[in-house]
Amino acid sequence: MALVTDIVRSHGRPREVFGAILKRGVDDKTGFFFLIIALVMGFVSQLPGVSRRANLPDPALEAAIAQERDDVRPIQGAEVPEAMVDAKFEALMSAELMVWLFILPLVFYGLAMVGHFAARALGGAPSTVASRVAMFWALLVATPLKLLHGLVFGMIGPGPALTLVGLLWLVLFMWTWTSNLRVAGWDQ
């Protein structure tokens, strides 16, 4: 429950909360924990949109699924669902799972490294671990808005509301990340 409380407090006082996190001591396990929780929640945020897309017509995806259904050999437990909506949902969900749990961790580790070098270039002295934890904590703090973004996409679809929530997510993430880097590089 302390994690949720810290996330809520970070929306108003990110430097204070991240400073307390650093004082408790951080290591790569802590950063990885923050990253995995944020990415799992990011994957969950995509499910309403996946459901929406699966129910919309998509001739190219439907043709690819039909072709795969014809090509797949009978393997126990591996088959393409008969209902096109179910097959599209499975395909889209598998793609989201691959992106959120296998590709984005590498992207975010790379971005954390860029943030570390940027902080050093600006005169800060954050450790590499503190720089990674700063980014991963910022991702976790912005997760509630990411969940809202997914709900808006699933229920309303593309439009101004989705753009606004996405922009708010980006602003919160960047504000928290830069605040965390400042604490890690200058305020210690």
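It should be emphasised that the depicted structure is a prediction, and the values quoted were computed from it without experimental measurement.

## Observations concerning the side chain of Thr176
Right, on to step 1. Tracing the backbone through its elements, the reader meets Thr176 in helix α8 (residues 160–185).
Right, on to step 2. Sequence-distant contacts of Thr176, that is, excluding residues within four places in its chain, are made with Pro14, Ala138 and Val141.

## Some details on the nonpolar core
Right, on to step 1. By size, the foremost hydrophobic cluster in this structure holds 32 residues, and its most contacted members are Phe18, Phe108, Phe136 and Trp137.
Right, on to step 2. Listing elements by their share of this core, those giving two or more residues are α2 (14–24), α3 (28–55), α5 (84–121), α6 (128–141) and α8.
Right, on to step 3. No other element matches α6, which puts 10 residues into this core.
Right, on to step 4. Residue contacts for Trp137: discarding those within four places in its chain leaves Leu3, Asp6, Ile7, Ser10, Val17, Phe18, Ile21, Phe34 and Asn180.

## Considerations on the confidence of the model for the chain
Right, on to step 1. Residues of the chain with pLDDT of at least 70 account for 91%, and the chain-wide mean is 89.
Right, on to step 2. Mean pLDDT per element in the chain: helix α4 (residues 59–71) is the minimum at 76, and helix α7 (residues 143–155) is the maximum at 96.

## So, α2
Right, on to step 1. Residues of α2 that are buried include every one of Pro14, Val17, Phe18, Gly19, Ile21 and Leu22, and no others.
Right, on to step 2. Of the surrounding elements, those touching the buried residues of α2 are α1 (2–10), α3, α6 and α8.
Right, on to step 3. The positive-phi residue at the C-terminal boundary of α2 is Gly25, with phi of around 100 degrees.

## Looking at the packing of α3 against α7
Each pair of packed helices can be summarised by the angle the axes make with each other and by the distance between the axes.
Right, on to step 1. Between α3 and α7, whose axes approach to 7 Å, the crossing angle comes to 10 degrees. In terms of orientation, α3 lies roughly parallel with respect to α7. Together, Ala38, Met41, Gly42, Val44, Ser45, Gln46, Pro48, Gly49, Arg52 and Arg53 of α3 and Thr143, Lys146, Leu147, Gly150, Leu151, Phe153, Gly154 and Met155 of α7 make up the contact between the two elements.
Right, on to step 2. Looking at the contact of α3 with α7 residue by residue, the classes come out as eight nonpolar, seven polar and three charged.

## Focus: a nonpolar patch on the surface
Right, on to step 1. A cluster of nonpolar residues, Met98, Val99, Phe102, Ile103, Val107 and Leu111, forms a patch on the protein surface that exposes about 510 Å² of accessible area.
Right, on to step 2. Summarising the element assignment, Ile103 is placed in helix α5.

## Comments concerning the packing of aromatic side chains
Right, on to step 1. A complete count under the given rule lists five aromatic pairs for this structure.
Right, on to step 2. On the basis of an interplanar angle of 55 degrees and a centroid distance of 4.9 Å, the ring pair of Phe34 and Trp137 is categorised as tilted. Here Phe34 is found in helix α3, whereas its partner Trp137 is found in helix α6, with 103 residues between them in sequence. We note that Phe34, like Trp137, is buried.
Right, on to step 3. Where Trp169 meets Phe173, the ring centres are 5.6 Å apart and the plane angle is 5 degrees; that geometry is what we call stacked. Of this pair, Trp169 and Phe173 both sit in helix α8, four residues apart, which is roughly one turn of that helix.
Right, on to step 4. Connected via pairs of aromatic rings, a cluster forms that spans Phe33, Phe34 and Trp137.

Cut-offs and rules
Along every chain, residues carry numbers that run from 1 in the direction the sequence is written. In keeping with the model being predicted, local features are shown solely for residues with a pLDDT of at least 70 and side-chain atom pairs are shown and tallied solely at 80 or more, while totals for entire chains, interfaces and linings include all residues. Only hydrogens and water are set aside when side-chain values are computed; all heavy atoms of the structure are taken into account. Helix and strand assignments come from DSSP, with helices taken as H or I runs of at least 4 residues and strands as E runs of at least 2, each series counted from the N terminus. Residue contacts follow a heavy-atom distance rule, with two residues in contact if any of their heavy atoms lie within 4.5 Å. Buried Ala, Val, Leu, Ile, Met, Phe, Trp, Tyr and Cys residues form a nonpolar core when they are joined through side-chain atoms within 4.5 Å. In this scheme, a residue with accessible area under 20% of its type's maximum is buried, one over 50% is exposed, and one in between is partly exposed, where area comes from a 1.4 Å probe on protein chains only. Per residue, pLDDT captures the predictor's confidence, and it can take any value from 0 to 100. For helices, the fitted axis covers only the stretch in contact; all axes are lines through C-alpha atoms, and the angles between them, taken along N-to-C directions, range from 0 to 180 degrees. When an angle is under 35 degrees it counts as roughly parallel; over 145 it counts as roughly antiparallel; between 65 and 115 it counts as roughly perpendicular; any other value is oblique. We call Asp, Glu, Lys and Arg charged. Ala, Val, Leu, Ile, Met, Phe, Trp, Tyr, Cys and Pro are nonpolar, and the rest, Gly among them, are polar. Without a salt bridge and with relative accessible area above 30%, a residue can belong to a patch; like charges are then joined within 9 Å and nonpolar side chains (Val, Leu, Ile, Met, Phe, Trp, Tyr) within 5 Å. Residue-level accessible areas treat just the shown protein chains as cover; the underlying method is Shrake-Rupley with a 1.4 Å probe. Any carboxyl oxygen of Asp or Glu within 4 Å of a side-chain nitrogen of Lys or Arg constitutes a salt bridge here. Stacked, edge-to-face and tilted are the three classes for Phe, Tyr and Trp ring pairs, Trp counted by its six-membered ring, which pair at centre distances within 6.5 Å; planes under 30 degrees apart are stacked, over 60 edge-to-face, the rest tilted.

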